[in-house]
Every structure is written in structure tokens, then in C-alpha cells.
Amino acid sequence: MDLCPPRPTLLVVAHGSRDPRHAAAVSALCARVRALRPGLRVEVGYLDFNAPRVPRVLERLSAEAEAEGRRAAASGHRGGPGGGVREVVALPLLLTRAFHAKSDIPAVLRAATARLPLLTVRQAEVLGPSPLLTAALERRLAQAGVRPGDRGSTGVVLASAGSSDPEASAVIAEIAREWRHTAGWCAVRPAFASASLPRTADAVRELRAEGVGRVAVAPYVIAPGFLPDRIAAGAREAGADVLAPVLGPAPELAHLLLRRYDGAVLDGARGDLTALTA
């Protein structure tokens, strides 16, 4: 009797950071994903600073597939190449589609898979934009003390890490506009910790100058690190009334990872998402 092939492994591709809080937040988020989907194998690979790096994870998965194939051949199995991990969905742990999603991650995946013919690797879409992310932002603002009745008198600074890619900056600005209209905030202004302007402190001051009485800063970042710390410093420097935590392992974020994974699996089955090759 033929057995159903295993579901593709989910490889969460994180940037990495020298700050140990970054890897801890990524691990906590992946643990929540595993709890939501117990039968799904979830691995984590980093582009820089942390271990394991993405190529090492793929090499380990390929070695497992090769070993499983040898065991199947030794047992006389003739129905196929054997079990083990054969398909991988690489999901960038990114909120916008900028350099890492467009160039860096595909190059790393192509270089690795060129040496690992047993693996089929497909890259999923980045996480943002999504209503689940704005829901996660609202969860963090509520945890910081913003009540539903405060929205009409509260201006929000949507503070992202920043990117030199104009597409990514435009997406953040559009999220800010849409969030204001759908959630009823007094105002929502984008800000950036690097590459683009305005900075967090400047956006807080602009809202004050416009007469907004209460200003909250919502970091649009997943894990702690250098740029999130810069966002927090800007919020304190300009006297923001509320500083929300980073998104971290928010339930909405875990559900979004699974949504992107399922979308990549479905697209791969339909032939809409081609495997990465050298």
C-alpha cells in the first residue's frame, strides 16, 4: 500500500542578530507554530550571526533524505526514492518584500539546492502586508495600555526597521493609511529606524505639532535587536506616551506563518510556484 508523502518541511528563514533576544523571539514564534500544527516539521535557519545557517539546515535535511533512501533500498523497497524530507518551503521571516526577500534569500537557497539534488525548495511569500499583522500590532498596543476607547484621540507611529527599497517604504506608508481608516485612530504615521525618513522621534513630534494629545509608537518589527532598540530610543527621546513591544511570538503572527506556508504548498502543487534552482 502506498503511503502519503510527508508534508513539506517549513524552514523559517530569519535574518539573525548579535542580540540574543532576536534568536529567542524567533524560537518562541516557531514553538507557537509547532503547537498550532503538531504534524508539521518546523526548522529555523539564519542568514547571518546565528546558527544554524540556512545552508547547514538544508544539508542536514538532504542527508536525512539520502539516509532514508539507502534504508529503503536495503529493505528492497522499489516503489520510489524512499521517505524522508524531500520538499521544503522556505519562508522569509520578513514583513516587507525588500532586498533580503528579492535577492539575498533566493541566492542563498539556489546556491544550497544546486549541491542538494534530493531537495525541492520553494520560497514562500513574505509575511506582510496582512490584516493579521495589524491585529498583532493592536494586541501589542493594548498590552502597552491603549484601550479601544482611546483610538479616536490617539495618534500612532508605525515604526519599521526601514529599507532602501522604495517598494518596501511605500508598503509601510500604505499600511499606515489603511490602518487609520479601518481602525479609527486619530492618525497613523509611518517611521523608519534606518534608510528612510522620517525617524521615530520626528514622527512623534510631527503628531504633537498637529495637536494630537496622545501618541503611541507601534514597532512593526518581529524580534528585538539594534533597529528595534533605535525605535524605542526615538520614542523615549520625543516623549511618546506609549511604546508597544515588538510583535514577537504573537498568535496572529504564528497563524500568518502557517497561512503563507499553506499558500506555498498549494501553489507548488498547482505548479504556480516553481522550485529554486541554480
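Everything quoted here is computed from the prediction, not taken from an experiment.

Caption draft 1: Focus on the pairing of strand β7 (residues 214-220). The buried fraction of β7 amounts to six of the seven residues, a majority that puts the element mostly inside the structure. As judged from the seven bridges shared by strand β5 (residues 154-160) and β7, these two strands associate in the parallel manner. Among the inter-strand pairings, Val-157 is bridged to a residue of β7, identified as Val-217. Looking at chain direction, β7 and strand β8 (residues 242-243) are connected through two bridges and run parallel. Note that in β8 the partner of Val-217 across the bridge is Leu-243. This β-α-β element, β7 to helix α7 (residues 226-237) to β8, shows right-handed connectivity.

Caption draft 2: Seen up close, the nonpolar core. Leu-93, Leu-127, Leu-141, Leu-158, Trp-179, Leu-253 and Leu-257 are the most contacted members of the largest nonpolar core, which has 53 residues in total. Here this core takes eight residues from helix α8 (residues 251-270), the largest share from any one element. If near-sequence neighbours (up to four positions away) are discounted, Leu-257 is found in contact with Val-12, Leu-29, Val-33, Leu-91, Leu-93 and Leu-127. Among the nonpolar cores identified, the runner-up in size contains 20 residues, and Leu-11, Leu-94, Ile-105 and Ala-112 belong to it.

Caption draft 3: Representation of α7 in the model. The end-to-end C-alpha distance of α7, which contains 12 residues, comes to 16 Å, matching closely the 16 Å that a straight helix rising 1.5 Å per residue would cover. Looking only at α7, the buried set comprises Pro-228, Ile-231, Ala-232, Gly-234 and Ala-235. The arc that holds every buried residue of α7, seen down its axis, measures 160°, which confines them to one face. Residues of α7 that are exposed and angled more than 90 degrees away from the buried face: Phe-226, Arg-236 and Glu-237.

Caption draft 4: The packing of helix α2 (residues 54-74) against helix α3 (residues 99-114), seen in detail. Contact geometry of α2 with α3 gives a least axis separation of 10 Å together with a crossing angle of 35°. As α2 packs across α3, the resulting crossing turns out to be right-handed. Counting all contacts with α2, which are made through Val-54, Pro-55 and Leu-58, the residues of α3 involved are Val-108, Leu-109 and Ala-112.

Caption draft 5: Focus on the packing of helix α4 (residues 131-143) against helix α5 (residues 166-183). Relative orientation of the contacting elements α4 and α5 amounts to 70°, with a least axis distance of 12 Å. The angle between α4 and α5 places the two elements in the roughly perpendicular class. You can see that α4 and α5 cross each other, and the crossing is right-handed. Across from Thr-134, Leu-137, Glu-138 and Leu-141 in α4, the residues of α5 making contact are Ile-175, Trp-179 and Ala-183. In the contact of α4 with α5, the residues fall into five nonpolar, one polar and one charged.

What counts, and where the lines are drawn
Residues numbered from 1 in each chain as written. Predicted model: local features only at pLDDT ≥ 70, side-chain atom pairs only at ≥ 80, totals over all residues. Heavy atoms only, no water. Buried < 20%, exposed > 50% of the residue type's maximum accessible area, 1.4 Å probe, protein only. Helix = DSSP H or I, 4+ residues; strand = E, 2+ residues; numbered from the N terminus. Pairing = 2+ DSSP bridges. Right-handed = clockwise from strand over helix to strand, strands pointing away. Core = buried A, V, L, I, M, F, W, Y, C linked by side-chain atoms within 4.5 Å. Contact = heavy atoms within 4.5 Å. Expected span 1.5 Å × (residues − 1). Arc of directions from axis to C-beta. Axes fitted to C-alpha atoms, helices over the stretch in contact; angles between N-to-C directions. Left-handed = near helix turned anticlockwise from the far one by under 90°. Parallel < 35°, antiparallel > 145°, perpendicular 65-115°, else oblique. Nonpolar A, V, L, I, M, F, W, Y, C, P; charged D, E, K, R; others polar.

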